[in-house]
Amino acid sequence: MKEHHHHDHGHHHPKQPDIEDQPITYYKVMTEALAELLVEKGVITAGELRAQMEEQNSRSPAFGAKLIARAWIDDSFKSRLIADVNAAAAELDIDAGDIPIRGVENTDDVHNIVVCTLCSCYPRSLIGLPPDWYKSRAYRSRTVREPRRVLGEFGTTLPEDVEVRVHDSTADLRFLVIPKRPDGTDGLDEVQLADLVTRDSMIGVSMAKTPA
Amino acid sequence: MSAKYAVGDAVTVRQAYPPGHVRTPYFIRGHQGVVQEVVGNFANPEELAYGRDGKPALTLYRVQFRQQDVWPYYDGSPKDTAIVDLYENWLEPA
């Protein structure tokens, strides 16, 4: 086994940056100040703030994947999911929150992709916190303007005769893409199907995985 | 409050640039689309943003646009569309 080298050989190794080494921006200061004031004035408690952050971080694409897998095996559930994701989720004891979510289904004719051009609206209750790229100016501006190029950069190429339908989630609704069920999955059960459903396939930048 | 537009109606997004908190993206202002869904009534976000009650509520629509109509140099498929959620105060009959 190689011994860890000592730092006496004439060059400097940068240390792993701490959170505090990032720049303190105006918005970081404002966010901290607001949180401190809300706690100080008794509007919320520090414990409530912590619990809410923990709750948000506990959400993951596994919730959405359960809904998609059920929709793949049950057509009537799929219809209910398209009409009202929140109510369909409640059937599986999943709390999708108060913001209405619509299911948008990928078919042989239509491929759906979701963006929020104004900010970062996202169905967090079902797929967790949005990835950094979803919040980037590049994704937000380019997805609505040249969706096929953006899809291509995610490795997703669609034929000309498929309509690429961009959903700009700018107001009071959120969207969950129902990806197409992959070929060769007839023998899989609901749990195995859910394993094929990824976060990105529910945003619409990719397809569901094919079975190994 | 009843909705002014129905599914299938052609509408044009107002080409206006008021100050303040607005949920209508710039890129869609002035463009014509078709109502795809009448979603329902929601508190006015332009009022909510300033701590007011958001009343009267506004009807929210999902409006579908042909990408080729929105972007002059759109080079995807002529079938491609975008659906934008827009409040009634931003729509005019086309």
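Keep in mind the model is a prediction, meaning the values are calculated, not measured.

## Quick notes on the interface of chain B and chain A
Part 1: Taken together, the 26 residues of chain B in the interface contact 25 residues of chain A.
Part 2: Here chain B meets chain A over a buried area of about 2100 Å², counting both sides, of which 48% is carbon and sulfur.
Part 3: It is R23, W71 and D85 of chain B in chain B that bury the most area against chain A; as a group they hold 23% of the surface buried on that side.
Part 4: Put simply, E37 of chain B and R102 of chain A hold a salt bridge, and the shortest N to O gap is 2.5 Å.
Part 5: Scanning the region where chain B abuts chain A turns up 18 residue pairs in polar contact (both at pLDDT 80 or more).
Part 6: Secondary structure elements with two or more residues in the side of chain B that touches chain A: β2 (32-42), β3 (58-66) and β4 (81-87) of chain B.
Part 7: Per-element tally for the side of chain B that touches chain A: the top contributor is β4 of chain B, with 6 residues.

## A short note on the side chain of D80 of chain B
Part 1: Tracing the chain through its elements places D80 of chain B in the loop between α2 (67-70) and β4.
Part 2: Since its relative accessible area comes to 0%, D80 of chain B is described here as buried.
Part 3: Every residue in contact with D80 of chain B, bar those within four places of it in the chain, is listed here: R148, V162, E163 and V164 of chain A together with F65, R66, Q67 and Y74 of chain B.

## So, helix α3 (residues 61-73) of chain A
Residue and element names in this part refer to chain A.
Part 1: Counted at 1.5 Å a residue, the expected span for α3 with its 13 residues is 18 Å, and the 19 Å between its end C-alpha atoms agrees.
Part 2: Of the residues making up α3, those classed as buried are G64, A65, L67, I68, A69, A71 and W72.
Part 3: Those residues of α3 that are buried are in contact with α4 (75-83), α5 (85-91), α6 (124-127), β4 (174-178), α10 (190-194) and α11 (199-203).

Rules behind the numbers
- Residues numbered from 1 in each chain as written.
- Chains lettered and ligands numbered in written order.
- Predicted model: local features only at pLDDT ≥ 70, side-chain atom pairs only at ≥ 80, totals over all residues.
- Heavy atoms only, no water.
- Contact = heavy atoms within 4.5 Å.
- Buried area = accessible area lost by both parts, 1.4 Å probe.
- Salt bridge = Lys/Arg side-chain N within 4 Å of Asp/Glu carboxyl O.
- Polar contact = N/O pair within 3.5 Å; in protein donor to acceptor, adjacent residues only side chain to side chain.
- Helix = DSSP H or I, 4+ residues; strand = E, 2+ residues; numbered from the N terminus.
- Buried < 20%, exposed > 50% of the residue type's maximum accessible area, 1.4 Å probe, protein only.
- Expected span 1.5 Å × (residues − 1).

Any link to function would need more than the numbers given here.
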